[in-house]
Amino acid sequence: AQSVTQLDSQVPVFEEAPVELRCNYSSSVSVYLFWYVQYPNQGLQLLLKYLSGSTLVKGINGFEAEFNKSQTSFHLRKPSVHISDTAEYFCAVPWSGAGSYQLTFGKGTKLSVIP
Amino acid sequence: DAGVIQSPRHEVTEMGQEVTLRCKPISGHNSLFWYRQTMMRGLELLIYFNNNVPIDDSGMPEDRFSAKMPNASFSTLKIQPSEPRDSAVYFCASSRGHEQYFGPGTRLTVT
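Cut-offs and rules
- Position numbers for residues start from 1 in each chain and track the written sequence from start to end.
- Chains carry letters from A onward and ligands carry numbers from 1 onward, assigned in written order.
- Selection of residues for local features in this predicted model requires a pLDDT of at least 70, selection of side-chain atom pairs for listing and counting requires 80 or more, and totals for whole chains, interfaces and linings are taken over all residues.
- Only heavy atoms go into the side-chain values, all of them from the structure, while hydrogens and water stay out.
- The contact criterion used is simple: two residues touch if any of their non-hydrogen atoms lie within 4.5 Å.
- What counts as buried area is the accessible surface, traced by a 1.4 Å probe, that two parts surrender upon association, with contributions from both included.
- Whenever a carboxyl oxygen of Asp or Glu lies within 4 Å of a side-chain nitrogen of Lys or Arg, that contact is scored as a salt bridge.
- We call two N or O atoms a polar contact when they sit within 3.5 Å, provided that within protein one can donate a hydrogen and the other can accept it, with sequence-adjacent residues counted only if both atoms are side-chain atoms.
- When residues are sorted by character, Ala, Val, Leu, Ile, Met, Phe, Trp, Tyr, Cys and Pro go into the nonpolar class, Asp, Glu, Lys and Arg into the charged class, and all the rest, Gly among them, into the polar class.
- Two strands are said to pair when DSSP picks up at least two bridges between them.
- Strands here mean DSSP runs of E at least two residues long; helices mean DSSP runs of H or I at least four residues long; both are numbered from the N terminus.
- To get an axis, a line is fitted to the C-alpha atoms, and for a helix only the part in contact is used. The angle between two axes follows their N-to-C directions and goes from 0 to 180 degrees.
- Among the buried residues, those of types Ala, Val, Leu, Ile, Met, Phe, Trp, Tyr and Cys that are joined through side-chain atoms within 4.5 Å form a nonpolar core.
- A simple rule labels every residue: compare its accessible area, found with a 1.4 Å probe on the protein chains alone, to the largest value its type can have, and call it buried under 20%, exposed over 50%, or partly exposed in between.

### Brief notes about the interface of chain B and chain A
Now for step 1: Contacts between the two partners involve 20 residues from chain B, matched on the other side by 21 residues from chain A.
Now for step 2: Around 1600 Å² of area is buried between chain B and chain A when both sides are counted, 55% of it from carbon and sulfur atoms.
Now for step 3: If you look at where chain B meets chain A, you find 1 salt bridge.
Now for step 4: Among the ionic pairs, E99 of chain B bridges to K49 of chain A, the shortest N-O distance being 2.7 Å.
Now for step 5: Connecting chain B to chain A are 5 residue pairs in polar contact (both at pLDDT 80 or more).
Now for step 6: Classifying every residue of the side of chain B that touches chain A by side-chain character gives 9 nonpolar, 7 polar and 4 charged.

This is how it looks when you write it as structure tokens:
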């Protein structure tokens with residue numbers, strides 16, 4: 001089974017500063033990768049996804065992520081965060097390769113934006 | 001599209017009572033997932049249906065938990081009898097591929 005590791009459980013950052021949330025995956029097969037966001041008291045919402053093609057993926061709300069095969073990473077970035085970005089962010093990968101619809105989620109990173 | 005619909009949004013019950021959580025997936029989606037989220041254990045997959053058939057229920061904690069999907073537009077997760085350690089937020093998600101769409105969740109409190 002594939003797995004993902006989110007290296008930081010909490011990331012505080014000042015408003016308008018850049019942020020990077022880290023995600024590493026373990027896989028020796030073709031990879032699909034996802035980032036989800038969970039705002040307080042809500043379900044998870046897809047931020048962006050990598051299926052193939054360009055390694056730089058742009059998502060909603062100004063977020064982007066870069067697929068790096070050599071480093072098995074898919075870090076999430078935003079050049080300038082807003083208070084409204086305060087949420088928990090989850091990295092995910094198909095449980096058993098591209099043919100599996102089950103996702104394995106990381107433990108999440110709580111982003112706190114400080115005014 | 002109304003998205004994934006879950007009911008109730010909040011449920012408070014006493015230990016030993018039966019609890020039924022309901023989910024209506026997005027029309028046209030053929031996969032449905034039930035998750036549980038707690039502070040201690042994070043997000044856990046309980047069961048996964050494809051075309052109304054349970055594919056993987058290895059995440060169901062014990063026999064007190066059961067899930068059904070009688071048709072493509074409805075699923076239930078039942079806990080009988082409920083225990084305080086079942087207190088959590090339960091999410092339903094549906095998909096037609098890898099991209100899962102989550103419902104708003106049901107917050108269950110067992111006293």
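Further notes follow.
### Quick word on the sheet that holds strand β1 (residues 5-7) of chain B
Residue and element names in this part refer to chain B.
Now for step 1: The 4 strands are arranged β1-β3-β8-β7 in an open sheet whose pairing can be described as antiparallel. Pairing within the sheet leaves two strands with one partner each, and these edge strands are β1 and β7 (65-71). Ignoring which end each strand starts from, the neighbouring axes of this sheet average 15 degrees apart.
Now for step 2: Direction of pairing for β7 relative to strand β8 (residues 74-79): antiparallel, over a ladder of 5 bridges. Each residue of the ladder has a partner; that of A67, found in β8, is L77.

### With respect to the nonpolar core
Now for step 1: Counting residues in hydrophobic clusters, the biggest one holds 28 residues, and the most contacted among them are L33, W35, L47, L48, F74, L76 and Y89 of chain A.
Now for step 2: Elements supplying a minimum of two residues to this core: β2 (10-14), β3 (19-21), β5 (33-38), β6 (44-50), β8 (64-68), β9 (73-78), β10 (87-94) and β12 (109-114) of chain A.
Now for step 3: Residue contributions to this core peak at 4 residues, all from β10 of chain A.
Now for step 4: Sequence-distant contacts of L47 of chain A, that is, excluding residues within four places in its chain, are made with W35, Y36, V37, G59, I60, F63, L76 and Y89 of chain A.
Now for step 5: The next biggest cluster of nonpolar side chains, apart from the first, holds 21 residues, and it includes V4, L21, L32 and L77 of chain B.

### Looking at unusual backbone geometry
Residues and elements named next belong to chain B.
Now for step 1: Across the junction of S7 and P8, the peptide omega takes the value -10 degrees, indicating a cis bond.
Now for step 2: Turning to its location among the elements, P8 is positioned in the loop between β1 and β2 (10-13).
Now for step 3: Each neighbour pair has its own omega, and for Q80 with P81 the value is -5 degrees, a cis peptide bond.
Now for step 4: Following the sequence through the fold, P81 ends up in the loop between β8 and β9 (88-95).
Now for step 5: The backbone of N51 shows a phi angle near 50 degrees, a positive value even though the residue is not glycine.
Now for step 6: Among the structural elements, N51 can be located in the loop between β5 (42-50) and β6 (53-56).

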